[in-house]
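Below, each chain spelled out in residue letters.
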Amino acid sequence: MALATHAMAFDVEKAKQSVPRIVLLIDSTHAETGSGFVVHAEDDYCIVATNYHVVQKRTDDTPLYVLRKVPDGVDSHKAEVILQDDQRD
């Protein structure tokens, strides 16, 4: 059983590296964060899905970023909401 536990712990750590983080900067002291998953990616364009509650406080001038871990740190990309559904969080 210890082998299965070790394998599961390894899988979780490996998966965490591929989960994008969504960061919504509300003001200089407050940010909303959540996780997401990549729906589509090609070249410099990527669609990431997240829950509505992660971006619900967004306004047109609220900065939104998608972060992902890379071997030498964190990659940060400015993002925009292209579709949201408050009924299907």
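Thresholds, definitions, all that
- Residues numbered from 1 in each chain as written.
- Predicted model: local features only at pLDDT ≥ 70, side-chain atom pairs only at ≥ 80, totals over all residues.
- Heavy atoms only, no water.
- Pairing = 2+ DSSP bridges.
- Helix = DSSP H or I, 4+ residues; strand = E, 2+ residues; numbered from the N terminus.
- Salt bridge = Lys/Arg side-chain N within 4 Å of Asp/Glu carboxyl O.
- Buried < 20%, exposed > 50% of the residue type's maximum accessible area, 1.4 Å probe, protein only.
- Axes fitted to C-alpha atoms, helices over the stretch in contact; angles between N-to-C directions.

Peer 1: Please provide a residue-by-residue account of the pairing of strand 2 (residues 30–35), values included.
Peer 2: Strand direction decides the pairing type here: strand 1 (residues 21–27) and strand 2, joined by six bridges, are antiparallel. Residue pairing for strand 2: Arg-21 is matched across the bridge by Ser-35. Once strand 1 ends, the chain turns through two residues before running back antiparallel as strand 2.

Peer 1: An account of unusual backbone geometry is needed here, citing residue identities and associated values.
Peer 2: Of note, Asp-43 is a non-glycine position whose phi angle comes to about 45°, a positive value. By the element assignment, Asp-43 lies in the loop between strand 3 (37–42) and strand 4 (45–49).

Peer 1: Residues and numbers for the pattern of salt bridges, please.
Peer 2: Counting across every chain of the model gives three salt bridges. We note a salt bridge from Glu-32 to Lys-57, for which the minimum N-O separation is 3.2 Å. Of the two residues, Glu-32 is situated in strand 2 and Lys-57 in the loop between helix 2 (52–55) and strand 5 (64–70); the sequence distance between them amounts to 25 residues. Of the residues examined, Glu-32 reaches a relative accessible area of 18% and is grouped as buried.

Peer 1: Please give an account of the sheet that holds strand 1 that cites residues and values.
Peer 2: Sheet strands pair by backbone hydrogen bonding; their relative direction is either parallel or antiparallel. Taken in spatial order, the four strands line up as 2-1-5-6 in an open sheet, and their pairing is antiparallel. The two strands at the open ends of the sheet, each matched to only one other strand, are strand 2 and strand 6 (73–78). Along the sheet, successive strands turn relative to each other by an average axial angle of 25°, direction set aside. The pairing of strand 5 with strand 6 spans six bridges and is classified as antiparallel. Paired with Val-66 across the two strands is His-77, which belongs to strand 6.

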